[in-house]
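The lines below spell out each chain.
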Amino acid sequence: MASIGIEQVTKVYDDGFEAVADVSIEVADGEFMVLVGPSGCGKTTLLRMVAGLEHATDGTVAIGDTIVNDVDPRDRDIAMVFQNYALYPNMTVAENIGFALRLRRLPREEIGERVAAAARVLSLGDYLDRKPSQLSGGQRQRVAMGRAIVREPKAFLMDEPLSNLDAKLRVQMRAEVARVQRRLGVATLYVTHDQVEAMTMGDRVTVMRAGRVQQCATPQELYDRPANMFVAGFIGSPAMNLYRAAIAPGAESVQIGSQSIALPEHLRLRCPQLLALSEKEVVVGLRPEHLPIAADPVGPALEGEVTLIEALGSELLVHFTFDARRVLPEDVAGELDELGDRGEGIARVAPRSPVAVGDRARFAVDPESLHFFDPTSGRALERP
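What counts, and at which threshold
- Residues numbered from 1 in each chain as written.
- Predicted model: local features only at pLDDT ≥ 70, side-chain atom pairs only at ≥ 80, totals over all residues.
- Heavy atoms only, no water.
- 1 Å grid on protein atoms, 1.4 Å probe; cavity = no way out; pocket = protein on both sides within 12 Å on 5 of 7 lines; lining within 4 Å.
- Points joined across faces, edges and corners; volume = space filled by probe spheres on them.
- Helix = DSSP H or I, 4+ residues; strand = E, 2+ residues; numbered from the N terminus.
- Nonpolar A, V, L, I, M, F, W, Y, C, P; charged D, E, K, R; others polar.
- Salt bridge = Lys/Arg side-chain N within 4 Å of Asp/Glu carboxyl O.
- Buried < 20%, exposed > 50% of the residue type's maximum accessible area, 1.4 Å probe, protein only.
- Expected span 1.5 Å × (residues − 1).
- Arc of directions from axis to C-beta.
- Contact = heavy atoms within 4.5 Å.
- Pairing = 2+ DSSP bridges.
- Axes fitted to C-alpha atoms, helices over the stretch in contact; angles between N-to-C directions.

Next up on the list: the layout of surface pockets. The calculated volume of the largest pocket comes to roughly 470 Å³. In this structure, the largest pocket is lined by 20 residues; those nearest its centre are Ala79, Met80, Phe82, Arg147 and Arg151. The element best represented in the lining of the largest pocket is strand E6 (residues 78–82), accounting for 5 residues. Its residues assigned to classes, the lining of the largest pocket shows 16 nonpolar, 1 polar and 3 charged. When its volume is computed, the second largest pocket comes out at roughly 270 Å³. Of all elements in the fold, only helix H8 (229–234), strand E11 (241–247), strand E16 (316–322) and strand E17 (343–349) reach the threshold of two or more residues within the lining of the second largest pocket. For the lining of the second largest pocket, the per-class residue count stands at 9 nonpolar, 6 polar and 3 charged.

So this is what it looks like as structure tokens:
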């Protein structure tokens, strides 16, 4: 077993496009690290550089204590699992799993033992004599994982291995992949564009955008303390509501559109940056789950017109509008005026809440749950 070290890695293609820019990540031995971000953010390119399928323009990639920049992919002692299973259709499950071992000319008895052990881990014991065409999508993906497991590599690389599965099977396989990885204790670098997948599977999650790391932290820290507006808007489903706002003199309140939210003294004392921003603009973020229907008619709240209700059984997603300037996570100063004064928002509330389309509803706001961002850089202001 070994760690994966990525230090100041950059990838620039011949046409000048910079796909990855100065990325540094350390995946500890046994850790499950997830790379997440929108399409084209560089996460797969970074994975391919670790695998040796792409050459890094600058920086170093290490497996354990060995720098592998100039080492052939087959000699890096890593195993990859792709989104397309790439199984040999004419071979049985057992033959597919043991194929790499046969290429290494290992004794037949050892191959059989390793294949059987991998099949037990992945619950494939009853399918070893079947061909891939006789398997479901989830079973085929487990075979692909088995082929990686039997090699007993120093590290696993997984490139969106669940993206071809249907929604229900993807949820089942998320738990399966995480369980197998923890049982094997092998450093794993896992690529996905699905932030729910990233949050439920990763020991740590690295959020990427435009080839750069935005934040690397535990799932809970990404949720509680996003480093910038992009992470705040990317992590969480539905996404965080972001609005242009103004801090009142003495940071006694924050003005969102025509509505004011009082900021208690203890919050101002614990977040001195708010005082420094008195009478200045900020971006304020509120997560949908922190906007319940207000029971107190005079407490801090946002009031808006309900435009749509999504009933999910266990909860309601209530869409509303009010007179605020909405911000998108990728926005920077100078691009916000285009959104006008229509402040759209989403609140996640309890099922059977007394609310209907067309209502004027009040959504309670706990000042402690507010997130504040610099409108120019997008960086989060320090939260207590």
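Inspection of the entire model under this criterion finds 14 salt bridges. Between Glu152 and Arg114 there is a salt bridge; the shortest N-O distance is 3.8 Å. Taken together, the residues span a long stretch of sequence, with Glu152 in the loop between helix H4 (137–149) and strand E7 (155–159) and Arg114 in helix H3 (residues 108–121) at a distance of 38 residues. Its relative accessible area of 53% is what places Glu152 among the exposed residues. The shortest N-O distance in the salt bridge between Asp203 and Arg182 comes to 3.1 Å. Taken as a pair, Asp203 in the loop between helix H6 (195–201) and strand E9 (204–209) and Arg182 in helix H5 (residues 167–184) lie far apart in primary sequence, 21 residues in all.

Let's shift gears to H3. End to end, H3 covers 20 Å across 14 residues, agreeing with the expected 20 Å (1.5 Å per residue, within 8%). Buried within H3 we find Ile111, Arg114, Val115, Ala118, Ala119 and Val121. End-on view of H3: buried residues confined to an arc of 160°, all on one side of the axis. Projecting away from the buried face of H3 at angles above 90 degrees are the exposed residues Glu109, Glu113 and Arg120. Turning to H3, the residues buried within the fold contact helix H2 (93–103), H4 and H5.

Right, let's get into the sheet that holds E11. If you trace the 5 strands from one edge of the open sheet to the other, you get E13-E12-E11-E14-E19, paired in antiparallel fashion. The open sheet terminates on both sides in strands that have one partner only, identified here as strand E13 (259–262) and strand E19 (371–373). Between one strand axis and the next, the sheet turns through 40° on average, direction left out of account. Across 6 bridges, E11 lies against strand E14 (residues 281–286) in antiparallel orientation. Within E14, the position partnered with Ala246 by the bridge is Glu281.

Moving on, we come to the pairing of E14. The buried fraction of E14 amounts to 5 of the 6 residues, a majority that puts the element mostly inside the structure. Where E14 meets E19, 3 bridges bridge the pair, whose relative direction is antiparallel. Across the sheet, Gly285 pairs through a bridge with His371, a residue of E19.

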